[in-house]
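The residues making up each chain are set out below.
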Amino acid sequence: MWWRRLAWLLRGSSGRGCPRIVAMARGHHTAPQPLRCAWQLHGDHLELRYGSTLMRLDFVWLRDHCRSASCYNAKTNQRSLDTASVDLAIRPQAVRVDESTLFLTWPDGHVTRYGLEWLVKNSYEGQKKQVMHPRILWNAEIYRQAQVPSVDCRSFLETDEGLKEFLQNFLLYGIAFVENVAPTKEDTEILAERISIIRETIYGRMWYFTSDFSRGDTAYTKLALDRHTDTTYFQEPCGIQVFHCLKHEGTGGRTLLVDGFHAAEQVLRRAPEHFELLSRVPLKHEYVENVGGCHNHMIGVGPVLNVYPWNNELYLIRYNNYDRAVINTVPHDVVRRWYHAHRALTTELRRPENELWVKLKPGKALFVDNWRVLHGREAFTGYRQLCGCYLTRDDVLNTARLLGLQA
């Protein structure tokens, strides 16, 4: 086999290189010294080992992703090649590899060049080894020991350094605080627009939140709220939620925060079959409202845990026992197992050590990753007024990337 020959060459050889251009009939090839790369042709793909990564690259894929000037516009970062014009039976006529680059010559004479590092990063095998969104999973003690600093409002609004520090905290932990914010809806809106477009929903653009039951929702009461994520009844749940307590004349009302990804990780470690079931079974969540002039009927569909299929990385948790609709998307021979899996996740989410309680006060704004961190609240007395909004997730991540962060 070709990898055995590679091992033999690595143990010791004459150092002589193979021909620089190799036709299809030659079968396999090793690059000149240093021997970091080897490849072998198969019927429909190229097998390429570079460093510790073994890649299997389909010939159509290799033609489609060509970065030559005629195939890809480097100024707009957009593909120029018409993918539908590529022969699905295409095969390269010749292959050459040097220390850093793969060269493919196609039947029409077109030459495609790929950096080997680019291929490692962008191949399926390379992506499986990478994390899309680096995170620090936490319980209450981990978060407190990290002593994650709040960012001052002026630094957040006026400097890239302050904004970058805030976004780094948010990306890693799923929550972040801004201090010394004027306790008004208008100033909270300015704060939110620093990182994203505000997402207007059935609740409006910027909302005031009191216990007047002005909406048909338990949240608009003084009752305690169990941990949950918001807008599970949207086809795409809102990405980020902003909370700013403008006034509270009374007792109680602390905010509960739980890292849903940390809880899910514990389920994966202890009972991977539960994790898999929660990531595969689709459920309906529903919001029905007929209060005053507000008439809405929203339905969102998706599993409790949403993962990237190529690396099983969790990117969204959809957990809200208040808004979960009738379970009619699960056959009878699966539903009982789903309840066991749901109970396992709920147990982790409700462990006291996973509960971070914070008291929101005027001047301190909280940003919550609604795809990751569950929130709730304890019952309260007196008059309590919050304002806030939802942000579009794409725009928050866009802001982070423009500042050089991985998001």
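Rules used throughout
Residues numbered from 1 in each chain as written. Predicted model: local features only at pLDDT ≥ 70, side-chain atom pairs only at ≥ 80, totals over all residues. Heavy atoms only, no water. Helix = DSSP H or I, 4+ residues; strand = E, 2+ residues; numbered from the N terminus. Buried < 20%, exposed > 50% of the residue type's maximum accessible area, 1.4 Å probe, protein only. Polar contact = N/O pair within 3.5 Å; in protein donor to acceptor, adjacent residues only side chain to side chain. Contact = heavy atoms within 4.5 Å. Salt bridge = Lys/Arg side-chain N within 4 Å of Asp/Glu carboxyl O. Axes fitted to C-alpha atoms, helices over the stretch in contact; angles between N-to-C directions. Parallel < 35°, antiparallel > 145°, perpendicular 65-115°, else oblique. Nonpolar A, V, L, I, M, F, W, Y, C, P; charged D, E, K, R; others polar.

Caption draft 1: View of the side chain of Asn306. Mapped onto the fold, Asn306 is located in strand 20 (residues 305-307). What makes Asn306 buried here is its relative accessible area of 11%. Separated by 3.1 Å, the side chain of Asn306 and the backbone oxygen of Pro303 make a polar contact. Contacts of Asn306, omitting those with residues within four sequence positions, involve Glu313, Leu314, Tyr315 and Leu316.

Caption draft 2: Quick look at the pattern of salt bridges. Under the definition given, this model contains 15 salt bridges. Across the pair Glu189 and Arg205 runs a salt bridge, and its minimum N-O distance is 3.0 Å. With Glu189 in helix 8 (residues 185-193) and Arg205 in the loop between strand 13 (198-199) and strand 14 (207-209), the pair connects residues that are 16 residues apart, well separated along the chain. Relative accessible area serves as the criterion here: at 21%, Glu189 is assigned to the partly exposed category. For the salt bridge of Arg205 with Glu193, the shortest nitrogen-to-oxygen distance reads 2.4 Å. Residue Arg205 is located in the loop between strand 13 and strand 14, and its partner Glu193 is located in helix 8; the two are separated by 12 residues in the primary sequence. Relative accessible area serves as the criterion here: at 30%, Arg205 is assigned to the partly exposed category. Accessibility expressed as a relative area gives 41% for Glu193, which makes it partly exposed. Linked by salt bridges that have partners in common, Asp226, Arg227, Arg350 and Glu355 make up one network.

Caption draft 3: Local environment of the packing of helix 10 (residues 272-280) against helix 11 (residues 332-349). Between helix 10 and helix 11, whose axes approach to 9 Å, the crossing angle comes to 110 degrees. By the angle between their axes, helix 10 is roughly perpendicular relative to helix 11. Packed against helix 10, whose contacting residues are His274, Leu277 and Leu278, the element helix 11 presents Val334, Arg337, Trp338, His340, Ala341, His342, Ala344 and Leu345 at the interface. Residues of the contact of helix 10 with helix 11, tallied by class, amount to 7 nonpolar, 3 polar and 1 charged.

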